[in-house]
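For reference, the chains in residue letters:
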Amino acid sequence: MVDTPRRRASQVPDRDPEETAEWAASLDAVTGAAGPDRASFLMRRTLEHAQDTGLGLPGLLESDYLNTIPTAAEPPFPGNEEMERRITAWNRWNAAAMVTRGSRFGLGGHIASFASAAWLYEIGFNHFFRGKDAGASGDQLFLQGHASPGIYARAFLDGRLSEDQLDRFRQEAGGDGLPSYPHPRRLPWMWEFPTVSMGLGALSAIHQARFNRYLHHRGIKDTSASHVWVFLGDGEMDEPESTAALALAGREQLDNLTFVVNCNLQRLDGPVRSNFKIVQELEARFRAAGWNVVKSLWGTAWDELLARDTTGALLRRLREVPDGQFQTYATRDAAYIREHFFAADPALARIADTLADRTIAECFHASRAGHEPRKVYAAYRAACDHRGAPTVVLAQTVKGHTLGQGFESRNANHQMKKLTGPEFRAMRDILELPIADSLLAGEPVPYVHPGAGSPEVRYLHERRAALGGPAPVRTVHPVALPEPSPRPFQALAKGSGRQEIATTTAFVRLVKDLMREEGTGRRWVPIVPDEARTFGMESFFPTFGIYSPLGQNYDPVDHDQLLYYKETVDGQVLNEGITEAGSMASFAAAATSYATHGEPMIPFYVFYAMFGWQRTADQMWALADQLGRGFLVGATAGRTTMTGEGLQHADGHSHLIASTNPAALAYDPAFAYEIAVIVREGLRRMYGPDPQDVFYYLTVYNEVKVQPPMPAHAGVEEGIVRGLYRFREADASALPAKAPRLQLLTSGTAVHWVLDAQRLLAEDWGVAGDVWSATSWSELRRDALECDAARLRGEGERIPYVTRVLADAPGPVLAVSDWMRSVPDQISQWVVQDWHSIGTDGFGLSDTREAVRRHFGVDPHSIVIAALAALADSGRITSRTVREARERYGR
């Protein structure tokens, strides 16, 4: 045996070198006598046998380019295949008709995606996807957005949608149209999960499957019968979010999860892997992450070819031909395929000589496992029966299948929005539908339905009844949570006395107390991206436990400390690791549990404010679509509070991004008691007797300050909730009788600079400044917009709240915050006084808080100068005073 460098470098002693040499010699002999293909075959089978017998060997990352389940090993098909073929044909037709009819109005739509995936969905609907009858959770279906016409077509066949509704596909302005894609907010009785923002569906589904286990392990809901199904395109797998959490699913052995990747080898405008093989790439990636992989590639017509491959030449050729070429084969005649596929190897050429052109064309044009119900059923059955790991089904199809030669495997078919009359006739013939020529003579092409009492519809209803009801479906069983006791809120309302605490600490203390509440405490879901200690949440670890399906199989390094790291199977804290995207996906699963499982949960996700909305705003938009409820908490907020962190940590714009989300109620509380009022109102609004589909965004700060008690004067709580109240008037007793006056509006940590400025204005310049806490700039704007809209509708004059509360406030208004000026400027047009604002526009930078605030011009001295300038602009003081202030403060 040759002494190779690899053998010399081996760290494992060889206790029997002679035996090792015999094994190597045997392999060399097989290679020499039967060729490398035979040797490779034997090695693969030996490794597979070793895995099956439990030997501790790493698994192969790739298998042959063949079906995992050969035809001979397929389980019996449990349904009426001919009946299901007819049902699928009706759905194919109506999906194409719906999109084509809508194209008259330039509305667009997608035909080719569902055409390739129709059987992938139909087998699921007929045999696997469990419904929600009798209050069951059922299965969770993350359906590919571009396939939505086919899902609507099936709902039309089963009687849940009418022709009139199909004709309002993508026509939603009237309030009763069908949304383009799965949008729960637009069609809340049907869709559960928004998936068309490519990649987010995969990420959300993994965390949904994990959250199902979380509910089960914590004894909140038995989800053992629920399975999460995720339908994806092979091109969609390029999105980083599509594969971001694969390792999590493998690590936690989520065998309640199945991915179905429709490998039609095409993305939006061309091949997915023109020079490579996407199926093999995905197989390796999923296997490496610990997934079970089921490849369902070739249809039954390929059995004859494979049976004749006694030399391994066909397998080798299948491995080496890139996807771009396979796409071309699907559009060319048998002569081309003979020349470019079979002629590459003499052994293959001999096989081709025994095949009719019709057989070759059938194999390369249409015979894909994803178009054969028995093969799809076998793959799904294997996925559901597998234990100890999630499963991915890699199903090969032809994009545009049954739509005719003008669509099938064409690069442009994703952008093709309609079929012509002749193409519909050809499609009718391919599908063998009983549609008369006379019905196809005019425009628009008709919808077709076999009739409510037809065998097809009866069969469909019987199958769904056996599986627990219709799907997809979203059901909400209203469950109002009991109102927490007032004690936790009262603790913050009292203030902190002489103790200085950050508003982050105040929020954490409040939630910790609420998690001890008898009625609702167990429903809180704390979510942190591996920075609980940064946010002062380490006390949650021993008190509530960190969720882990494996418990804690080690001695934590800090086990002898009070706040030790404690993982438990029924732990309450989701400590996600360093992943904002994964944390957000867990938040969405918890925030919609009230509908998915009929169990309202109260998630709160604490993150660096800079990274939350900026990095995962797309997921927050999907959360709004999914009608999620809960508390997002942007900690270490503001552009100037993160000393030393600098440009990529200094958040001065998350409230601006949050204001673009219609479902987000964004608050920037300055004091602990404001947090108490906002959280109590949020619980009432999201979990009370009349729950609303909104979620809250709170920003909290790491700057420690004395927290004052809540002012006793009337209107404070209303002002906190609505977005503005007067916190502290100027002390008239310390000012001249006719002192110039202005209004200082501020939020968050900036209130402390403004209070210092209020004192300086009075002491140094004899100016009265009233300080207002603007807890929510965006809620003030939302109220004002609603008032404007009501006036334009002719509903009478409604005065915006911000206009009304400032109506009698004298002098100009100066808004100050630790945010970009555009955040407070949202309300400027509804403030009748002269409007001025200062803020922290630009990139953040590292330095002390004082230096950074001086840099941005929001420190107390800069506020005084801005206030005096506002008074000078309105003629209340002279510009000389402003110059004097600049000189005094060195500006």
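Residues numbered from 1 in each chain as written. Predicted model: local features only at pLDDT ≥ 70, side-chain atom pairs only at ≥ 80, totals over all residues. Heavy atoms only, no water.

K.L.:
What is the right way to read the overall build of the protein chain from this model?
P.N.:
Counting its secondary structure elements, the protein chain contains 35 helices and 20 strands. Its C-alpha atoms give the protein chain principal-axis dimensions of about 110 × 80 × 50 Å. Taken across its 891 residues, the protein chain has 58% of its residues classed as buried. Excluding contacts between residues fewer than 6 apart, the proportion of contacts in the protein chain whose partners are at least 24 apart in sequence is 77%. Taken as a whole, the protein chain presents about 35900 Å² of accessible surface, with 51% of it coming from carbon and sulfur. Averaging the positions of the 93 positive and the 109 negative side-chain charges in the protein chain gives two centres separated by 3 Å. (Helix = DSSP H or I, 4+ residues; strand = E, 2+ residues; numbered from the N terminus. Buried < 20%, exposed > 50% of the residue type's maximum accessible area, 1.4 Å probe, protein only. Contact = heavy atoms within 4.5 Å. Areas by Shrake-Rupley, 256 points an atom, 1.4 Å probe, with all protein chains shown as cover. Lys, Arg positive; Asp, Glu negative; His and termini not counted. Charge placed at Lys NZ, Arg CZ, Asp CG, Glu CD.)

K.L.:
Honestly, the packing of helix H4 (residues 81–102) against helix H5 (residues 112–127) in this entry has me stumped. Any pointers?
P.N.:
Helix-helix packing is described using two parameters, namely the angle between the two axes and the distance between the axes. Interaxial distance between H4 and H5 falls to 10 Å at its minimum, and their mutual angle equals 135°. Between H4 and H5, the angle is such that the two are oblique. The two elements H4 and H5 meet at a crossing, and its hand is right-handed. Between H4 and H5, the residues in contact are Glu 84, Arg 85, Ile 87, Thr 88, Asn 91, Arg 92 and Ala 95 and Phe 114, Ala 115, Ala 118, Trp 119, Glu 122, Ile 123, Asn 126 and His 127, respectively. (Axes fitted to C-alpha atoms, helices over the stretch in contact; angles between N-to-C directions. Parallel < 35°, antiparallel > 145°, perpendicular 65-115°, else oblique. Left-handed = near helix turned anticlockwise from the far one by under 90°.)

K.L.:
Any chance you could explain the confidence of the model for the protein chain here in plain terms?
P.N.:
It should be kept in mind that the predicted coordinates are not to be read in detail where pLDDT is low. Residues of the protein chain with pLDDT of at least 70 account for 97%, and the chain-wide mean is 93. Low pLDDT, under 50, characterises residues 1–9; the stretch is placed with seven contacts to residues that sit more than four places away or in other chains. (pLDDT = per-residue confidence, 0-100.)

K.L.:
Sorry, what's going on with the nonpolar core here?
P.N.:
Most often, soluble globular proteins keep nonpolar side chains buried together rather than apart. The biggest cluster of nonpolar side chains holds 84 residues, and the ones touching the most others in it are Phe 507, Trp 524, Phe 604, Phe 631 and Val 679. Val 99, Val 294, Cys 384 and Met 427 belong to the second largest nonpolar core, which has 68 residues in total. (Core = buried A, V, L, I, M, F, W, Y, C linked by side-chain atoms within 4.5 Å.)

K.L.:
Is there a simple way to explain unusual backbone geometry in this structure?
P.N.:
Glycine aside, a negative phi is what most residues show, and trans is what most peptide bonds show. A cis geometry characterises the amide bond from Glu 443 onward to Pro 444, with omega recorded as -5°. For Pro 444, the position within the fold is in the loop between helix H19 (421–431) and helix H20 (455–466). With omega at -5°, the peptide bond leading from Ala 471 into Pro 472 counts as cis. Mapped onto the fold, Pro 472 is located in the loop between H20 and helix H21 (487–493). Although it is not a glycine, Glu 432 adopts a positive phi angle of roughly 60°. Secondary-structure assignment places Glu 432 in the loop between H19 and H20. One non-glycine residue with positive phi stands out, namely Leu 627, at about 65°.

K.L.:
Explain the pattern of salt bridges here, please?
P.N.:
Between side chains of opposite charge, pairing is possible as soon as their charged atoms come close. For the coordinates displayed, the defined rule picks out 50 salt bridges. Between Asp 139 and Arg 130 there is a salt bridge, and its shortest N-O distance comes to 3.4 Å. For Asp 139, a relative accessible area of 4% corresponds to the buried category. For Arg 130, a relative accessible area of 36% gives the class partly exposed. The partner of Glu 192 in a salt bridge is Lys 132, with the nearest N and O atoms 3.2 Å apart. A residue pair is termed long-range when its members are at least 10 positions apart, and Glu 192 in the loop between helix H7 (163–166) and helix H8 (200–217) and Lys 132 in the loop between H5 and strand E1 (140–142) qualify at 60 residues. Assigned by exposure class, Glu 192 and Lys 132 land together as buried. Residues joined in a network through salt bridges with shared partners are Glu 82, Arg 85, Arg 86, Glu 432 and Glu 456. (Salt bridge = Lys/Arg side-chain N within 4 Å of Asp/Glu carboxyl O.)

K.L.:
Is there a simple way to think about the sheet that holds strand E4 (residues 292–296) in this case?
P.N.:
Strand pairing in a sheet is mediated by backbone hydrogen bonds. Such pairs are either parallel or antiparallel. Ordered by their spatial adjacency, five strands build an open sheet running E1-E2-E3-E5-E4, and the pairing between neighbours is parallel. With one partner strand each, in any of the chains shown, E1 and E4 form the two edges of the open sheet. The sheet shows a mean angle of 15° between the axes of neighbouring strands, direction not considered. Pairing analysis gives six bridges linking strand E2 (residues 228–233) to strand E3 (residues 257–263), with the strands arranged parallel. Across the sheet, the residue bridging to Gly 233 is Asn 262, located in E3. (Pairing = 2+ DSSP bridges.)

K.L.:
Honestly, the environment of Thr 359 in this entry has me stumped. Any pointers?
P.N.:
Relative to the helices and strands, Thr 359 resides in helix H17 (residues 357–365). C-alpha of Thr 359 to C-alpha of Ala 334: the two residues are 25 residues apart in sequence and 8.8 Å apart in space. If we ignore the near neighbours within four places in the chain, the residues touching Thr 359 are Glu 304 and Leu 305.

K.L.:
Got a minute to help me understand the environment of Tyr 459 in this structure?
P.N.:
Mapped onto the fold, Tyr 459 is located in helix H20. Classification of Tyr 459 as buried rests on a relative accessible area of 11%. For the pair Tyr 459 and Gly 79, spaced 380 residues apart in sequence, the C-alpha to C-alpha distance is 9.7 Å. With residues near it in sequence (within four places) discarded, Tyr 459 still touches Gly 79, Asn 80, Met 83, Glu 84, Ile 87 and His 127.

K.L.:
Quick question: what am I supposed to make of the pairing of strand E19 (residues 813–816) here?
P.N.:
Burial along E19 is two-sided: the residues Val 813 and Ala 815 and Leu 814 and Val 816 are all buried. Summarising the sheet, strand E17 (residues 741–746) and E19 pair through four bridges and their orientation is parallel. Among the inter-strand pairings, Leu 745 is bridged to a residue of E19, identified as Ala 815. Where E19 meets strand E20 (residues 835–838), four bridges bridge the pair, whose relative direction is parallel. Bridging across to E20, Val 813 finds its partner in Trp 835.

K.L.:
Help me understand a negative patch on the surface in this model?
P.N.:
Together, Asp 14, Asp 16, Glu 18, Glu 19 and Glu 22 line one region of the surface with negative charge. Turning to its location among the elements, Asp 16 is positioned in the loop between helix H1 (5–8) and helix H2 (17–34). (Patch = residues over 30% accessible without salt bridge, like charges linked within 9 Å, V, L, I, M, F, W, Y side chains within 5 Å.)

K.L.:
Help me understand the environment of Thr 596 in this model?
P.N.:
Here Thr 596 shows up in helix H25 (residues 593–596). Using a relative accessible area of 3% as the deciding quantity, one classes Thr 596 as buried. Here the alpha-carbon distance between Thr 596 and Glu 538, two residues 58 residues apart in the chain, equals 30 Å.

K.L.:
Before we go on, may I ask you to explain the sheet that holds strand E18 (residues 768–773) in this structure?
P.N.:
Strand order in the open sheet formed by five strands is E16-E18-E17-E19-E20, with mixed pairing between adjacent strands. Both edges of this open sheet fall to strand E16 (725–728) and E20, since each of them pairs with a single strand only. The mean inter-strand angle of the sheet, taken between neighbouring strand axes irrespective of direction, is 30°.

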